[in-house]
Each structure stands twice: as structure tokens, then as C-alpha cells.
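Observations on the model geometry
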Amino acid sequence: MKLPVIKHLTQFIEDNDEDFVVETIETLEALSEVPSLKDEELDVIGELISNMYGAIEVHKMIKEGTPKKEALNVFMQRVLGSIDK
């Protein structure tokens, strides 16, 4: 996951609508089932999907009242904590 990408996507959700990102995730998940995709292509699709889910999580925290910067930091700490385990 890339914090700058999640930050940008979070801003996109604030400016537009979360539904755009949810529909994009669904599209990418459908594309990931194409049997002829190479591992590298699947990795890119997976990275995009995980960043989009991350942005949705951050947006939820912001809607619940967490300041944007804090929401981003809390989310990334959670991600890094799960990687260390």
C-alpha cells in the first residue's frame, strides 16, 4: 500500500463519491479472473485494489470524525503492524 495513493483516493472520494471507487474495485476484481493475466499484472491489480480499500477505510474514519491526517496515520500504522506480525 502506498500512502500517497491512498491519500489521493481519499480526496477523490471526498470530492466525488465512494461508489465510484467501489465500482472500480468490483471491475478490477472481475478483471483479475482473466486466466491469461501474468503474475506481474495480477500484482498491479491487487495493489490498486488494496489501495482503494485502504482509501475507503480512511474515508470511513474521517466520516466518523477523525481528522484526515490522523486517519491516514492510524490506517498506515495498522497496516504496518499487520505486516510485522
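Summarised in this report is the structure supplied together with it. Small disclaimer: the values here were computed from a predicted structure and weren't measured.

Another aspect to go through is the overall build of the chain. When helices and strands are tallied, the chain shows four helices and zero strands. Tracing the chain from N to C terminus, the helices and strands come up as α-α-α-α. A principal-axis box enclosing the C-alpha atoms of the chain has dimensions of 45 × 35 × 15 Å. Across the 85 residues of the chain, 28% fall into the buried class. Long-range contacts, defined as pairs at least 24 residues apart, comprise 66% of the intrachain contacts of the chain with a sequence gap of at least 6. When the accessible surface of the chain is totalled, it reaches about 5,800 Å², and 56% of it is carbon and sulfur.

Counting residues in each nonpolar core, the largest one holds 18 residues, and the members touching the most others are Ile-6, Val-21, Ile-25, Met-52, Val-58 and Phe-75. By residue number, the principal contributor to this core is helix α3 (residues 39-63), which donates seven residues. Once residues within four sequence positions are removed from consideration, Ile-6 is found in contact with Met-1, Asn-51, Gly-54, Ala-55, Val-58, Leu-72, Phe-75 and Met-76.

What the rule picks out here adds up to three salt bridges. Linking Lys-68 and Glu-14 is a salt bridge whose minimum nitrogen-to-oxygen distance equals 3.5 Å. Taken together, the positions of Lys-68 in helix α4 (residues 68-84) and Glu-14 in helix α1 (residues 3-15) put the pair 54 residues apart, joining distant regions of the chain. Relative accessible area serves as the criterion here: at 26%, Lys-68 is assigned to the partly exposed category. A salt bridge links Glu-57 to Arg-78; the nearest nitrogen and oxygen atoms lie 3.9 Å apart. Taken together, the residues span a long stretch of sequence, with Glu-57 in helix α3 and Arg-78 in helix α4 at a distance of 21 residues. In this structure Glu-57 comes out as partly exposed when scored by relative accessible area, which is 31%.

Rules behind the numbers
Residues numbered from 1 in each chain as written. Predicted model: local features only at pLDDT ≥ 70, side-chain atom pairs only at ≥ 80, totals over all residues. Heavy atoms only, no water. Helix = DSSP H or I, 4+ residues; strand = E, 2+ residues; numbered from the N terminus. Buried < 20%, exposed > 50% of the residue type's maximum accessible area, 1.4 Å probe, protein only. Contact = heavy atoms within 4.5 Å. Areas by Shrake-Rupley, 256 points an atom, 1.4 Å probe, with all protein chains shown as cover. Core = buried A, V, L, I, M, F, W, Y, C linked by side-chain atoms within 4.5 Å. Salt bridge = Lys/Arg side-chain N within 4 Å of Asp/Glu carboxyl O.

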